[in-house]
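Structural description and commentary
Residues per chain are reported as follows:
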Amino acid sequence: MPAFQKVLIANRGEIAVRVARTCRAMGIATAAVYSEADAHALHARVADEAVPIGPAEAARSYLSIDALLAAARRVGADAVHPGYGFLSQNGDFADAVAGAGLAFIGPPGDVHRRMGDKKGARRLMAAAGVPVVPGYDGDDQADATLAREAARIGWPVMIKPSRGGGGKGMRAVRAEKEFLPALAAARREARSAFGDDAIVLERLLERPRHVEVQVLADASGQAVHLFERECSIQRRHQKVVEETPSPALGGDQRRALCAAGVAAARAASYVNAGTVEFLLDPSGEFYFLEMNTRLQVEHPVTECVTGLDLVRLQIEVASGVPLGLTQDAITTRGHALECRLSAEDPWNADLPSPGRILHLAPPEGPGIRWDGGIATGSDVTVHYDPLLAKLVTWGASRDESVARMAEALRRTVVLGVVTNLERLQAIVDHPAFRRGLLHTGFLDEHLTGLPRVPCPPPEALAAAALALSGTPEITGGPTPGRPSPSDPWQTLGAWRLG
Amino acid sequence: MPAFQKVLIANRGEIAVRVARTCRAMGIATAAVYSEADAHALHARVADEAVPIGPAEAARSYLSIDALLAAARRVGADAVHPGYGFLSQNGDFADAVAGAGLAFIGPPGDVHRRMGDKKGARRLMAAAGVPVVPGYDGDDQADATLAREAARIGWPVMIKPSRGGGGKGMRAVRAEKEFLPALAAARREARSAFGDDAIVLERLLERPRHVEVQVLADASGQAVHLFERECSIQRRHQKVVEETPSPALGGDQRRALCAAGVAAARAASYVNAGTVEFLLDPSGEFYFLEMNTRLQVEHPVTECVTGLDLVRLQIEVASGVPLGLTQDAITTRGHALECRLSAEDPWNADLPSPGRILHLAPPEGPGIRWDGGIATGSDVTVHYDPLLAKLVTWGASRDESVARMAEALRRTVVLGVVTNLERLQAIVDHPAFRRGLLHTGFLDEHLTGLPRVPCPPPEALAAAALALSGTPEITGGPTPGRPSPSDPWQTLGAWRLG
Amino acid sequence: MRLVCGDETIVVEVRETAGGSEVTVNGQALRLHVDTVGPGEFTCRQAEHVETFHCVREGDVVHLFWRGRVYRLEEETETSRAAHRHAGGGLEAPMPGKVIAVKVAPGDTVAKGDELLVVEAMKMENAVRAPRDGRVKSVAARVGDMVSPGVVLVELE
Amino acid sequence: MRLVCGDETIVVEVRETAGGSEVTVNGQALRLHVDTVGPGEFTCRQAEHVETFHCVREGDVVHLFWRGRVYRLEEETETSRAAHRHAGGGLEAPMPGKVIAVKVAPGDTVAKGDELLVVEAMKMENAVRAPRDGRVKSVAARVGDMVSPGVVLVELE
């Protein structure tokens, strides 16, 4: 008998698609939710049912606990998967789901609150002997107090929403005079994204790597790690490229880091899948950064090297099954790399680039995984995160997975919206990336500007003109008086043009 | 520096596509070849170059050594990958390639001849202590001799072309009076497919399993195995579903079988990747069947559980690099399953079903691999093998990979030609298959007839009618006077019909 | 439209109304909404239930993929009716392919199950066998001919 | 057709001849064959060389994927020329989004780099900053407005 009868997926985009796939493989029915802007979205099509939950604005749809619970009741779901982002780390949501008699596929509300409050989490970790970055995690949130503490910590200082994750609302401040405007902007973004504007300050480490440990714990207190991921390639504090294993860690260091991850999970009385993020100093010291109490965007790289399905494990833990997995049984093979393909314009300050996906052809082949949230015809709107898809490659070695990624990125076709494809190509092709010499300022150091795309070569222009101006040689044409969008003769066939 | 500068891929369909992918990832340029029937085929598009080699008839194109060598010279290739089928096991071709100063990505000609002659191979194996099925492997090929030997072996008897593989030309004969017509048909098919009509006879074992060992050897005599595959699900001696590990083997048996595979490779002085096929008796005895001196169709399941890229290994061995892989370094993880999707009509005696692929939507998702040779618009012709694509799933356990396959098969959309999709679904859903109770007569025992497809449910008919008769709500329509096959407004968009 | 599925003919009617399209299947009214996702790909919604299906038309033939199954439907027109009548006549090629052997000549007596000719396609040989005892009236194929289904190769008296 | 790519305008001409199509790019003749593979997907052959490319048209805009790169070309027409002239005027929204803060009013003096207003899209805030010192002539946006590129939000004197 499956763990649940029907899971409501309280999210959108690629993660909703990905969760539905595992549910389906487990024999669990799925119900998607969608806002008015997403009525035609891919995630609302791959589930068995789809329920409208409100207008485009996230606060009134994907962030509305009431709308989501009403949808769960309407379809008769017995569990809710929150995905990442939105309400995934919201303790009130987890409690409300449990209060409605449904299983929440993630930690209970108090765990979210304990770790979601970065102030408290920092204190808890320090008490458990897990090193934390020097900073301020006090309850006094007055602007003046924060400004004074920032000055005490010393510039540059990182402003972080105490709630939330994914880099949203984070601001690095390098001089005192920039502090208050940055604080105001960070608070606004935090309020909009997470509904809470409390702030934590931390010293900005120089050239650190971002490494994180995937942990998994059950309700009985059993906790294991699924090794680390390195996510140092970031832009505006948003991860862009992630990999595992980290090219920076030796065997002893990896063991110490992963042990710290498990210690952090134990200290948090953690349940379900979670991620403990650390900064790794060039000296080799690592510091607790925060704990993400949900599935990470970059979880596929861990799946590729461990062979485990994290969503399945999440569902099993949430259904009350004790963790069948011992630490010794978890091993890794090879190396996996993930690139986040986003509707962002790399030639224009990475500004969002909404529009319609006019043509989509993801790369295929052995060792290539495409976790996408779009299809040809999808609208990419301004309302939500610009992530379109995650391209993941696996290889027996880092060289192999990187070479495979470089090749796959040259076969990744998304037309209609501007994407960061060329930046991803530039990253993966960069000699420093190839050598694994990463840090969170990698993009600012190596890839600030992206050369403008030159004009296409003459043969490309000629080919495009032929493609667009040709008349079909073999075609019956649509039947008169019966416009048929799916008539193959209208769309397919051997149009011989040359 | 890559192993080669440019590889000519002397094949077509999915294997040509798959070989091109690894070459590309290794930084090796590729040249495809195509017959007149394949001018628009997928394999001729994914390579860097494509060379016409003759008319549709295979004997004058894909089986023409002269045409292939001319193509290799024309593009300046320094290596040739033969794929499977066609000339892949033809020693003359291997010699001709080597004689032209190019590397043949496979064993040298004498190895092909040694093992391709099933008569000699049987004798060689028997001498090396590898058990062979009771049968006749003599040089006297007179009809009368063969009929007499068949009677001596005892009915039922298997007629096998001494050359070739893939089940082509094989005939099971259950009574004396059927022998001569079956022999004539087998000879005709063997001549057409392999250019040689010598025959081997073997006793037909009852309810055997087909298990095979993937081996890999370098020119210095180093040989390793990559564990076994079970390919018991067959129709007309053609494998339909393959998996690894075999659900039939315990640890000791697996070790013995794999050791016999390596012993066979050593006895054959084998070089490059090859497969030693065995029949596994219900009693647990196994018998050498034949050795396939090329990449197998079903190699992806081995890649999924070992994490190794067999085409890469083939290329490395062919370039003269010593095998870097020790037996201890080769381990397996989880279970992988492959289904062969073919243009065959399961409701009409599995007759070939040529036509045009009007619509293709392969399943995607974690743990799913699609090795396809077709695209929307591809023509499936009568000239070649009906294999369209291989759907491969991986899981931490057999249950998981089978469940994933069952789900993926329900999302495998190929419209335009009749395929064996429903048979694959029936196999994977069958209780005996789920329990791993396989033998080569599985399909005849459990799945002789496939229930006719009933009429679609009313909502499906209604939906189809709406899909086909609807008029677009949002569309600009094609620009008058400029018929544009790629105008997105003609093919995409939110046509709201309901 | 009239859709033929096996022996059944089903009448599906789409009426455009002010409130949208109304569909009836053999007179039964259904409430559902269909959206085009891309070429050949659609979604169908009935209340909360949503599913993706695939559908293309090729002349009078409608190819439909619905809940894991492929259906081949024919739209009933004069052309398709004529094609139907044609079936069940003489002995046709089972699939497109090349005739590689002709075993009978006009006037021969054959028994049910006898091989009449052999067609090769996709490297497999397929025998065309006598469906009953009888005498060969005509043979319309020669070795080497490319033949297609719908073409009568052998007629029995 | 005249294709605009950055500052360049390239003239591509296709002529139908008895032997097939002939293409010239800025007068240079090219021999190549293009076949349609599916919607938006094509192959281009030049002698043995074959490659797949992708191309769709959206109004006057041609989206082209060629050898791993995406190109956005504009077909030069009167409409597109007018749109070009429009660029470089007042301060426009950098992308479609919602105005979440307006920091200036008509008559304000601003210095180069000052934040004029903030547009939020896809959960990121993006400041529209003064490109030079000046005085605000007009402000056309209010907090809460949905704005699009091409719409002038602030004019500087």
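In the block above lies the structure referred to throughout.
Predicted, not measured: the structure shown is a model, and the values here were computed from it. (Residues numbered from 1 in each chain as written. Chains lettered and ligands numbered in written order. Predicted model: local features only at pLDDT ≥ 70, side-chain atom pairs only at ≥ 80, totals over all residues. Heavy atoms only, no water.)

For chain C, the count of helices and strands is 1 helix and 17 strands. Put simply, chain C has 157 residues, and 46% of those count as buried. (Helix = DSSP H or I, 4+ residues; strand = E, 2+ residues; numbered from the N terminus. Buried < 20%, exposed > 50% of the residue type's maximum accessible area, 1.4 Å probe, protein only.)

This part covers the overall build of chain A. When you go through chain A residue by residue, the secondary structure sums to 17 helices and 23 strands. For 498 residues, the compact-globule estimate of 2.2 N^0.38 gives 23 Å, and the C-alpha radius of gyration of chain A, at 23 Å, lies within 12% of that figure. Each principal axis of the C-alpha atoms in chain A carries an extent, and together these give about 75 × 50 × 45 Å. Counting only contacts in chain A whose residues sit at least 6 apart along the sequence, the fraction spanning at least 24 positions is 65%. (Rg over C-alpha atoms; globule rule 2.2 N^0.38 Å. Contact = heavy atoms within 4.5 Å.)

This model, assessed by the stated rule, comprises 2 disulfides over all chains. Across a sulfur-sulfur distance of 2.3 Å, A:Cys455 and D:Cys5 are joined as a disulfide pair. Judged by the sign of its S-S torsion, about -120°, the cystine formed by A:Cys455 and D:Cys5 is left-handed. Here A:Cys455 is found in the loop between helix H15 (442-446) and helix H16 (458-469), whereas its partner D:Cys5 is found in strand S1 (residues 2-5) on a different chain. For C:Cys44, which is in no disulfide, the shortest distance to another cysteine sulfur is to C:Cys55 and amounts to 12 Å. The exposure class assigned to C:Cys44 is buried, which follows from its relative accessible area of 1%. (Disulfide = S-S within 2.5 Å.)

Let's shift gears to the interface of chain D and chain A. Facing the 55 residues of chain D at the interface are 58 residues of chain A. Overall, the association of chain D and chain A removes approximately 5000 Å² of surface from exposure, summing both partners, and the carbon and sulfur fraction of that is 69%. Inspection of the chain D/chain A interface yields 2 salt bridges. Ranked by residues supplied to the side of chain D that touches chain A, first place goes to strand S7 (residues 49-58) of chain D with 6 residues. Of the residues assigned to the side of chain D that touches chain A, the class counts are 32 nonpolar, 13 polar and 10 charged. (Buried area = accessible area lost by both parts, 1.4 Å probe. Salt bridge = Lys/Arg side-chain N within 4 Å of Asp/Glu carboxyl O. Nonpolar A, V, L, I, M, F, W, Y, C, P; charged D, E, K, R; others polar.)

Residues and elements named next belong to chain B. Pairing in this open sheet of 4 strands is antiparallel, and the strands run S6-S9-S7-S8 from one edge to the other. Of all the strands in the sheet, the pair left with one neighbour each is strand S6 (135-136) and strand S8 (171-173). Across 3 bridges, strand S7 (residues 157-161) lies against S8 in antiparallel orientation. In the sheet register, Val 157 faces S8, and the bridge partner there is Val 173. (Pairing = 2+ DSSP bridges.)

Further remarks concern the packing of helix H1 (residues 13-25) of chain B against helix H11 (residues 310-318) of chain B. Residue and element names in this part refer to chain B. Packing of H1 against H11 brings their axes to within 9 Å, and their N-to-C directions diverge by 65°. With respect to each other, H1 and H11 are oriented roughly perpendicular. At the point where H1 passes H11, the crossing takes the right-handed sense. Between H1, through Arg 18, Val 19, Thr 22, Cys 23 and Ala 25, and H11, the contact on the second element is made entirely by Leu 310, Val 311, Arg 312 and Ile 315. The class makeup of the residues in the contact of H1 with H11 is 6 nonpolar, 1 polar and 2 charged. (Axes fitted to C-alpha atoms, helices over the stretch in contact; angles between N-to-C directions. Parallel < 35°, antiparallel > 145°, perpendicular 65-115°, else oblique. Left-handed = near helix turned anticlockwise from the far one by under 90°.)

Moving on to the interface of chain D and chain B. Listed by partner, the interface residues are 18 residues for chain D and 21 residues for chain B. In this assembly, chain D packs against chain B so that about 1600 Å² is buried in total across both faces, 47% of it on carbon and sulfur atoms. The largest contributions to the chain D side of the interface with chain B come from D:Arg45, D:Glu48 and D:Arg57, which together make up 41% of the buried area. Summed over the shared surface of chain D and chain B, the number is 2 salt bridges. Among the ionic pairs, D:Glu41 bridges to B:Arg45, the shortest N-O distance being 3.3 Å. One can count 6 residue pairs in polar contact (both at pLDDT 80 or more) joining chain D with chain B. Mapped by element, the contributors of at least two residues to the side of chain D that touches chain B are strand S5 (33-38), strand S6 (41-46) and S7 of chain D. No other element matches the 7 residues that S7(D) contributes to the side of chain D that touches chain B. Of the residues belonging to the side of chain D that touches chain B, the class tally is 5 nonpolar, 6 polar and 7 charged. (Polar contact = N/O pair within 3.5 Å; in protein donor to acceptor, adjacent residues only side chain to side chain.)

What follows concerns the pattern of salt bridges. One pass over the full model with this rule turns up 105 salt bridges over all chains. With a closest N to O distance of 2.7 Å, A:Lys239 and A:Glu277 form a salt bridge. With a gap of 38 residues between them, A:Lys239 in strand S12 (residues 238-244) and A:Glu277 in strand S13 (residues 272-280) connect regions that are remote in the sequence. Residue class for A:Lys239 comes out buried when judged on its relative accessible area of 13%. According to the relative accessible area criterion, A:Glu277 is buried, its value standing at 6%. Of the charged contacts in the structure, one is a salt bridge between D:Lys103 and D:Glu115, with a shortest N-O distance of 2.5 Å. Of the two residues, D:Lys103 sits in the loop between strand S11 (97-102) and strand S12 (109-110) while D:Glu115 sits in strand S13 (residues 115-121), which places them 12 residues apart along the sequence.

Backbone torsion omega between A:Trp155 and A:Pro156 reads -5°, so that peptide bond is classified as cis. Note on placement: A:Pro156 falls in the loop between helix H7 (143-153) and strand S7 (157-161). Geometrically, the link from B:Thr244 to B:Pro245 is a cis peptide bond, its omega value of -5° lying close to zero. For B:Pro245, the position within the fold is in the loop between strand S12 (238-244) and helix H9 (251-267). For B:Asn272, which is not glycine, the phi torsion reads 80° and is therefore positive. With respect to the element layout, B:Asn272 can be found in strand S13 (residues 272-280). Residues other than glycine seldom take positive phi values, yet D:Asn26 does so here, at roughly 45°.

All names here are of chain A. Spatial ordering of the open sheet is given by S14-S13-S10-S11-S12-S15-S22-S20, a layout of 8 strands whose pairing is antiparallel. Here the strands that pair on one side only, and so sit at the sheet edges, are strand S14 (286-292) and strand S20 (368-372). The mean inter-strand angle of the sheet, taken between neighbouring strand axes irrespective of direction, is 25°. One ladder, built from 8 bridges, connects strand S15 (residues 335-342) with strand S22 (residues 387-395); its direction is antiparallel. Directly across from His 335, in S22, lies its bridge partner Gly 395. Packed onto the sheet, helix H13 (residues 421-429) meets strand S11 (223-235), S12 and S15 and runs at close to 155° relative to S15.

All quantities given are derived from atomic positions and should not be read as evidence of function.
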